[in-house]
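Geometric and topological summary
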Amino acid sequence: MKEGNFSLEDNELNVIHNSTRPLPIIYVWCIVVKVEDNNNILLRNFRIFLKSLLFHSKHPLSLNILTEDKSKARVDFLVSVVTTKMGYKFYEIIFHNIEDASDKVRPITETMQLYFSSVPGSYYSDSLFYISLGLHNIAPSYHHKVILVDIDIKFETDIIKLYEHFTEFHVDTLFGLAPELSPVYHHMLWKWKQIHPNSSFGEPSYKGFSGLNSGVMLMNLDNIRKSEEFNNCITREYIDNVTAKYAFKGHLGDQDFYTLLAVEKPHLIKILSCTWNRQLCQWWKHHGYMDEFNEFARCDGTVNIYHGNCNTPIPVK
Ligand SMILES: *[C@@H]1O[C@H](CO)[C@@H](O)[C@H](O)[C@H]1NC(C)=O
Ligand SMILES: *[C@@H]1O[C@H](CO)[C@@H](O)[C@H](O)[C@H]1NC(C)=O
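Residues numbered from 1 in each chain as written. Chains lettered and ligands numbered in written order. Predicted model: local features only at pLDDT ≥ 70, side-chain atom pairs only at ≥ 80, totals over all residues. Heavy atoms only, no water.

1. Here we look at the site of ligand 2
- Looking at ligand 2, the residues that line it are N232, E237, Y238 and N241.
- Here an oxygen atom of ligand 2 sits 2.3 Å away from a polar atom, N or O, in the side chain of N241.
- In the complex, the protein chains occlude 40% of the 360 Å² of accessible area that ligand 2 would expose alone.
- Counting residues per element, the shell around ligand 2 draws most heavily on helix α13 (residues 236–245), which supplies three residues.
- Grouping the amino acids of the shell around ligand 2 by side-chain chemistry returns one nonpolar, two polar and one charged. (Near = heavy atom within 4 Å. Polar contact = N/O pair within 3.5 Å; in protein donor to acceptor, adjacent residues only side chain to side chain. Areas by Shrake-Rupley, 256 points an atom, 1.4 Å probe, with all protein chains shown as cover. Helix = DSSP H or I, 4+ residues; strand = E, 2+ residues; numbered from the N terminus. Nonpolar A, V, L, I, M, F, W, Y, C, P; charged D, E, K, R; others polar.)

2. Remarks on the state of the cysteines
- A complete count under the given rule lists two disulfides for this structure.
- Residue C274 pairs covalently with C299 via a disulfide, S to S 2.1 Å. Between C274 and C299 the sulfur-sulfur dihedral comes to about 100°; the bridge is accordingly right-handed. Within this pair, whereas C274 is found in the loop between β10 (269–271) and β11 (278–279), its partner C299 is found in the loop between α15 (293–297) and β12 (305–307), the two being separated by 25 residues in sequence. Like C274, the residue C299 is buried in the burial classification.
- Note that C281 is cross-linked by a disulfide to C310, the S-S spacing being 2.1 Å. Linking C281 and C310, the disulfide has an S-S dihedral of approximately 105° and is accordingly described as right-handed. (Disulfide = S-S within 2.5 Å. Buried < 20%, exposed > 50% of the residue type's maximum accessible area, 1.4 Å probe, protein only.)

3. Looking at the sheet that holds strand β4 (residues 61–67)
- Reading across the sheet, the seven strands line up as β5-β4-β3-β6-β9-β8-β10 and stay open at both edges, with mixed pairing between neighbours. Both edges of this open sheet fall to β5 (92–97) and β10, since each of them pairs with a single strand only. Direction aside, neighbouring strands of the sheet carry axes that sit 25° apart on average.
- Against the sheet, helix α2 (residues 41–56) engages β3 (26–31), β4 and β6 (145–149), with an angle of about 170° to β4.
- Across the sheet, helix α14 (residues 254–264) lies against β8 (175–179), β9 (212–220) and β10, angled at about 75° from β9, the strand it touches most. (Pairing = 2+ DSSP bridges. Axes fitted to C-alpha atoms, helices over the stretch in contact; angles between N-to-C directions. Contact = heavy atoms within 4.5 Å.)

4. Focus on the environment of N309
- Within the secondary structure, N309 sits in the segment after β12.
- N309 gets classed as buried once you look at its relative accessible area, which sits at 13%.
- If we ignore the near neighbours within four places in the chain, the residues touching N309 are D152, N213, Q279, L280 and C281.
- At a separation of 3.1 Å, a polar atom in the side chain of N309 contacts the main-chain amide nitrogen of L280.

This is the structure:
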């Protein structure tokens, strides 16, 4: 499905020329699966996400939704309702088949799930957590730079301001992610931290490196496609090495990988301000971290994106 009045040639250039200056097309990717009925919590989240995205955005957007056949009609209907109501025209809307995408990340998933999945073995459900690592093979080649987001988020500002962080990428930067705002990596690294008590890894983000959250990601797909270094980092041998080094056993999928990658190869990842992924989940506060939790959750500055992870409601203003 294609919407808007833009031609294919513009598509190649990745810019749309209006009378004054070229506007970048912003390629947004998200996963919306298991939409069982119309009152589904996922659909509610998706509506909040979509409305907030469109409300603030003045730029042409390419919306890319990874979904299954059985969810597609409901998601498609919701997109039409919201865009019609808001009088918005996308540059393009593309539905991508999640099973095909999963097939493309199969080798990566099989390696990563050994260390970064709580119950390795369920191939299909696991693959959803590793899609980002193969998105450069899933996305069309004219998607040079993309933003991949969870749908339990709400924009408080124009997505162009997030997109502008690509200008801060170096030639070898591949990803941009914001910190994890819970003590989960502090917890996972307890064994390693006994031997490295002074390391800032696993410490709150305002004074150390707490790990990364993959709910909002900038991805330079062109650089990823070209990067030999990245391709080496997703091999079994590399993952074996790096997880052994930190005595690391995770359960959060791709973000476990990005967390270790940021420590080992910081030049590949641009760390965004926590205001671009203000996580609201408080699970750890009630599971052994009552005293330390607020330090980990600390995020100074005006929130640009709320992330209602672990089904946490997003504040309404
Ligand atoms: C950690 O820091 C303390 C205080 O600065 C120091 O006494 C100690 O030797 C350090 N430990 C290691 C393992 O570096
Ligand atoms: C894994 O570690 C071994 C031993 O330190 C090293 O020789 C090898 O190059 C490492 N492999 C990767 C892919 O980094």
